[in-house]
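Residue-level structural notes
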Amino acid sequence: MRWISVSFFLFSLLFFGCEKRVEPLRIYSSMDAKETKGFIEAFEKETGEKVEFVRLSTGEALTRIQSESANPHAAVWIGGGSNEHVILERAGLLEPYQPRRSFPPSPQLTGRMNGWNGWYIGVIGFGANTEFLKKHNMKAPTSYQDLLKPVFKGKIGVAYPYTSGTAYTILASLISLMGEEKGFEFVKALDGQIGHYSESGSACVTQAGLGEVAVCIAFSHDIRHKGIEQGYPLELTFPKEGVGFEVGGASLIKGGPDLERGRRFVDWLFSPTAQNLLAEWNQTPIHPGVQKNPFIVRSETVKKIDVDIYESVERHQQLLARWRQVTGK
């Protein structure tokens, strides 16, 4: 495991004539690596603190924190959907904390035992390759049923729900929207349309941008940042029936090193500086006073599918097992 220091600055303090190195705060991040560096640079600039991080997918972070429970190596985990933070909260592996913030917390964005705190929102969308649409003289999909059209057979990309928090969010929201039986009937039909499954939730964005698939199903901020803003010919749309969404979590790892500095870092995530950075990355901040990025998908402008996060966690293994049975993957 390699810890990444953003500043590459080995610093020390002289204390009573002896040189003493102050260890950096160590965090795990399930956000984009470049985005994580941006947050850490801003935090270091404002506070003078030093931070090292390891980038892990949501599933990897969950497994790592569980396996290190007797000897945690990091103090904070940022990013990843709330489902995985809830799993750790229920297992007693998170340090309860209510961050200092200048606006009231929302119960929907806070762990029942204060084990995790939501600091941004992401919504699921479709990213359609515009060259494919033009070639077939058709519009981008705006409903789940559109994805089942013959023209999209073998032309849709998405991740495995057992490796990707993004894909599990999609699965849980479909089951919540359609009910379990009809939801899995749709999953089976959609599986027949999938050209490529990936392990990462955002990998299909590039595949759609390159024309390897016609449509990707992913978080809208990934479609915009990793697709449209990189020059790929993609159009972002949302299913009219409703969209799944994630609450991006921030948690203190119970027993982690230097939790006091970890608390200061979590506090900072709710500051205008950090929340404005989220906006720059097209993620939806929760601070009511941050800048208005016109490309941000405001949660009030899309129809969200109401998913009980804690119920979703309770059914996590059952839904994954049935998904694998239905798809044979």
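Residues numbered from 1 in each chain as written. Predicted model: local features only at pLDDT ≥ 70, side-chain atom pairs only at ≥ 80, totals over all residues. Heavy atoms only, no water.

With that settled, the discussion passes to the overall build of the protein. On a plain count of helices and strands, the protein comes out with 12 helices and 14 strands. Here the protein has a C-alpha radius of gyration of 20 Å; the compact-globule value for 329 residues is 20 Å, and the two agree. A principal-axis box enclosing the C-alpha atoms of the protein has dimensions of 75 × 40 × 35 Å. For the protein, buried positions account for 56% of its 329 residues. Relative to all contacts within the protein whose residues are 6 or more apart in sequence, the contacts with residues 24 or more apart total 75%. As displayed, the protein offers around 15,000 Å² of accessible surface, 51% of which is attributable to carbon and sulfur atoms. Charged side chains of the protein number 37 positive and 36 negative; the gap between the two group centres comes to 3 Å. (Helix = DSSP H or I, 4+ residues; strand = E, 2+ residues; numbered from the N terminus. Rg over C-alpha atoms; globule rule 2.2 N^0.38 Å. Buried < 20%, exposed > 50% of the residue type's maximum accessible area, 1.4 Å probe, protein only. Contact = heavy atoms within 4.5 Å. Areas by Shrake-Rupley, 256 points an atom, 1.4 Å probe, with all protein chains shown as cover. Lys, Arg positive; Asp, Glu negative; His and termini not counted. Charge placed at Lys NZ, Arg CZ, Asp CG, Glu CD.)

This brings us to the nonpolar core. Counting 56 residues, the largest nonpolar core has Ile 27, Tyr 28, Ile 78 and Trp 119 as the members making the most contacts within it. Counting residues in hydrophobic clusters, the runner-up holds 31 residues, among them Ala 128, Ala 172, Phe 186 and Val 215. (Core = buried A, V, L, I, M, F, W, Y, C linked by side-chain atoms within 4.5 Å.)

It is worth spelling out the packing of aromatic side chains at this point. To describe a pair of aromatic rings, one takes the distance between the centres and the angle between the planes. All chains considered together, the criterion is met by 14 aromatic pairs. Residues Phe 43 and Phe 265 carry aromatic rings whose centres are separated by 4.9 Å and whose planes lie at 80 degrees to one another, so their mutual orientation is edge-to-face. Of this pair, Phe 43 sits in helix α1 (residues 33-47) while Phe 265 sits in helix α9 (residues 259-269), placing them 222 residues apart in sequence. When sorted by exposure, Phe 43 lands in the same class as Phe 265, which is buried. Residues Tyr 160 and Trp 323 carry aromatic rings whose centres are separated by 6.5 Å and whose planes lie at 90 degrees to one another, so their mutual orientation is edge-to-face. Within this pair, whereas Tyr 160 is found in the loop between β9 (156-159) and α5 (165-178), its partner Trp 323 is found in helix α12 (residues 316-327), the two being separated by 163 residues in sequence. (Phe/Tyr/Trp six-rings, centres within 6.5 Å; stacked < 30°, edge-to-face > 60°.)

Right, let's talk about the packing of α1 against α9 for a bit. Across the interface, α1 lies against α9 with an axial gap of 11 Å and an inter-helix angle of 110 degrees. Relative to α9, α1 is oriented roughly perpendicular. Residues Phe 39, Ala 42, Phe 43 and Glu 46 of α1 touch α9, and the partners they reach there are Arg 264, Phe 265 and Trp 268. Of the residues in the contact of α1 with α9, the class split is five nonpolar, no polar and two charged. (Axes fitted to C-alpha atoms, helices over the stretch in contact; angles between N-to-C directions. Parallel < 35°, antiparallel > 145°, perpendicular 65-115°, else oblique. Nonpolar A, V, L, I, M, F, W, Y, C, P; charged D, E, K, R; others polar.)

Although it is not a glycine, Asn 137 sits at a positive phi angle of roughly 50 degrees. Residue Asn 137 is classed as exposed on the basis of its relative accessible area, which comes to 72%. With phi around 60 degrees, Asp 258 is a residue other than glycine that occupies positive phi space. By the element assignment, Asp 258 lies in the loop between β13 (245-253) and α9. Residue Asp 258 is classed as partly exposed on the basis of its relative accessible area, which comes to 35%.

Let's shift gears to the pairing of strand β11 (residues 215-219). Counting buried residues along β11, five of its five residues qualify, which places the element largely inside the surrounding structure. Relative to β11, strand β8 (residues 116-129) runs antiparallel, the two sharing five bridges. Across the sheet, the residue bridging to Ile 124 is Phe 219, located in β11. Both β9 and β11 contribute to a ladder of two bridges, which runs parallel. Considered in β11, the bridge of Gly 157 is made with Cys 216. (Pairing = 2+ DSSP bridges.)

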